[in-house]
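Structural description and commentary
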Amino acid sequence: MTPFRALVCATLLAFAVAVSAASPPDQRTAAAAATQTLAHDLLWRRALAAGFDDGTGASDPDRRQAAIDAYVGSRIRPVEPSEQALQARYRDLIGRTGPQEYRIRLLQSDDAAAVRSAHERAKAGVPFAQLAGELSRLPSAARGGELGWVGFASPPTVGQTNGLPLEIARVLPHLAPGEVSEPLALADSWALVLLEAVRDTQRPSFESARETLRALFLRESALAQARALGDEILREVMGSRP
């Protein structure tokens, strides 16, 4: 499956799930399956109309799928970014960084008492990685809470912390390497953060980042077109449903 067809299929699957949820419980599986079948048939008819099969492949699943893939590929043509767009994206990304980056481990939990207890255990010498592995609800728990190097604009503000909770971004500049924060109240949980190291921000030059930025633009353009095609098919599916 091509990446773009995968995205179109994901859009259609999400719609099928929504249709299923809106159906009576004893009809949900059948409703989702029928919706996906209808969407596949619509893609096949579009592939035929666009000349990607002469119709003789209707009974051959591989030929049908190849025609659908070719049709989807014909509809998704990533647009090359301009030099101005590349430079603007570079300036935006550089503007999201501050003078320093922080290597951190994070423990995040819904249980405030557990986080406070973990703080006391950390002060008593229990390795932070062990505590995060035991208590954190995040996927990084499997790595002892390790998040690697993170950076953000200074001072940190809402929406400009590169995915870190603002409360954590605000406390990091005030920690010394090796220090664990006090328990932090987040919007929906509690956290402890260990600052392992600090370094000056590593900023690539525009020239060294050009190809990465170009690939990012092309991917974004392709994904936007794939979503638009998925939405088109959805509208057609909705119009075809009894």
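Before any of the text, the structure's been laid out above.
**Examining the overall build of the protein chain**
Looking only at helices and strands, the protein chain has eight helices and four strands in total. Starting at the N terminus and ending at the C terminus, the protein chain contains elements arranged as α-α-α-α-β-α-α-β-α-β-β-α. A buried classification covers 38% of the 242 residues belonging to the protein chain. Taking all contacts inside the protein chain whose residues are at least 6 apart in sequence as the whole, residues at least 24 apart take part in 65%. On the protein chain, roughly 13200 Å² of surface is accessible, and the fraction owed to carbon and sulfur atoms is 55%.

**Description of helix α3 (residues 61–75)**
With 15 residues, α3 extends 21 Å between its outermost C-alpha atoms, agreeing within 8% with the 21 Å of an ideal straight helix rising 1.5 Å per residue. Where α3 starts, the residue carrying a side-chain oxygen 3.0 Å from the main-chain nitrogen of D62 turns out to be D60.

**Remarks on the side chain of R64**
Secondary-structure assignment places R64 in helix α3. R64 sits in the buried class, given a relative accessible area of 15%. Among the polar contacts listed, one links the side chain of R64 to the side chain of D41, at a separation of 3.2 Å. Dropping the residues within four chain positions of it, R64 is found in contact with H40, D41, W44, G57 and A58.

**Let's talk about the packing of aromatic side chains**
According to the stated counting rule, one finds two aromatic pairs in the structure shown. Both rings, one in Y102 and one in F152, keep their centres 5.6 Å apart while their planes meet at 15°; by these two values the pair is stacked. Remark: F152 occurs in the loop between β2 (146–151) and α7 (166–171) and Y102 occurs in strand β1 (residues 100–109); sequence separation between them is 50 residues. As far as the burial class goes, Y102 and F152 line up, both buried. Its end group placed over the ring of W149, R199 keeps NZ or CZ at 4.1 Å from the ring centre.

**Observations regarding helix α6 (residues 128–135)**
Within α6, burial applies to F128, L131 and A132. Buried residues along α6 cover an arc of 95° about the axis, so they all sit on one side. Packing partners of the buried residues in α6 comprise β1, α5 (112–123) and β4 (190–200).

**Details of the nonpolar core**
The nonpolar side chains of a soluble globular protein tend to be buried with one another. In terms of nonpolar packing, the biggest core is built from 16 residues, with Y102, I104, L164, I168, L172 and V193 touching the most fellow members. Among the elements of the structure, β1, α7 and β4 are those that each provide at least two residues to this core. Setting aside residues up to four positions removed in sequence, I168 forms contacts with L106, L184, L186, A191 and V193. The next biggest cluster of nonpolar side chains, apart from the first, holds 13 residues, and it includes A67, Y71, A222 and L229.

**Some points on the sheet that holds β2**
Pairing is antiparallel in the open sheet, where four strands are placed in the order β2-β1-β4-β3. With one partner strand each, in any of the chains shown, β2 and β3 (184–185) form the two edges of the open sheet. Here β1 pairs with β2 via five bridges, running antiparallel. Opposite Y102, over in β2, you have V150 as the bridge partner. Along the sheet, α5 contacts β1 and β4; its crossing angle with β4, the most-contacted strand, is approximately 45°. Against the sheet, α6 touches β1 and β4, its axis set at about 45° to β1.

**Let's talk about the packing of α5 against α6**
Put simply, α5 and α6 touch, their axes get as near as 10 Å, and they point 160° apart. When the axes of α5 and α6 are compared, the pair comes out roughly antiparallel. In this structure, α5 crosses over α6, and the sense of that crossing is right-handed. In this structure, α5 contributes A114, A118, R121 and A122 to the contact, and α6 contributes Q130, L131, E134 and L135. Looking at the contact of α5 with α6, its residues break down into five nonpolar, one polar and two charged.

**Side note on the layout of surface pockets**
Of the voids in this model, the largest pocket is the one considered here, and its volume is about 220 Å³. Around the largest pocket, the lining is made up of 14 residues, and of these L93, I94, P204, A209 and L213 lie nearest the centre. Elements with a minimum of two residues in the lining of the largest pocket: α4 (83–95) and α8 (206–240). Per-element tally for the lining of the largest pocket: the top contributor is α8, with four residues.

Conventions and cut-offs
- The numbering scheme is per chain: residues are counted from 1 as the chain's sequence reads.
- The predicted origin of the model limits local features to residues at a pLDDT of at least 70 and limits the giving and counting of side-chain atom pairs to 80 or more, whereas totals for whole chains, interfaces and linings rest on all residues.
- To obtain the side-chain values, all non-hydrogen atoms of the structure were used and water was disregarded.
- Helix and strand assignments follow DSSP, with helices taken as H or I runs no shorter than four residues and strands as E runs no shorter than two, numbered in order from the N terminus.
- Accessible area is worked out with a 1.4 Å probe on protein chains only. A residue is then buried under 20% of its type maximum, exposed over 50%, and partly exposed in between.
- What makes two residues a contact is simply this: any of their non-hydrogen atoms within 4.5 Å.
- Surface accessibility follows the Shrake-Rupley procedure with a 1.4 Å probe radius. Residue values consider only the protein chains on display as shielding.
- Any helix carries an expected span of 1.5 Å times its number of residues minus one.
- For the purposes of these results, a polar contact is taken to be a pair of N or O atoms within 3.5 Å, where, inside protein, one atom must be able to donate a hydrogen and its partner to accept one; residues adjacent in sequence count only when each atom of the pair is a side-chain atom.
- What counts as a ring pair is set by centres within 6.5 Å for rings of Phe, Tyr and Trp (its six-membered ring), and what kind of pair is set by the plane angle: stacked under 30 degrees, edge-to-face over 60, tilted for all other angles.
- By definition, being over a ring means that NZ of Lys or CZ of Arg is both within 6 Å of the ring centre and within 35 degrees of the ring normal.
- This arc is built from the directions going out from the helix axis to the C-beta atoms.
- Buried Ala, Val, Leu, Ile, Met, Phe, Trp, Tyr and Cys residues form a nonpolar core when they are joined through side-chain atoms within 4.5 Å.
- For two strands to be treated as a pair, DSSP must find no fewer than two bridges joining them.
- Axis angles are defined between N-to-C directions and span 0 to 180 degrees, where every axis is a line fitted to C-alpha atoms and, for a helix, only to the segment in contact.
- Here the angle decides the label: under 35 degrees means roughly parallel, over 145 means roughly antiparallel, 65 to 115 means roughly perpendicular, and every other value means oblique.
- Note on convention: the crossing is left-handed when the near helix lies turned anticlockwise from the far helix by less than a right angle, right-handed when the turn is clockwise.
- Gly is put with the polar residues, along with every residue not named as nonpolar or charged; the nonpolar set is Ala, Val, Leu, Ile, Met, Phe, Trp, Tyr, Cys and Pro, and the charged set is Asp, Glu, Lys and Arg.
- A 1.4 Å probe that fits into a set of points on a 1 Å grid over the protein atoms alone but cannot get out defines a cavity; an open set with protein on both sides within 12 Å along at least five of seven lines defines a pocket, and lining residues are those with an atom within 4 Å of a point.
- Grid points are joined across faces, edges and corners, and a volume is the space filled by probe spheres set on the points.

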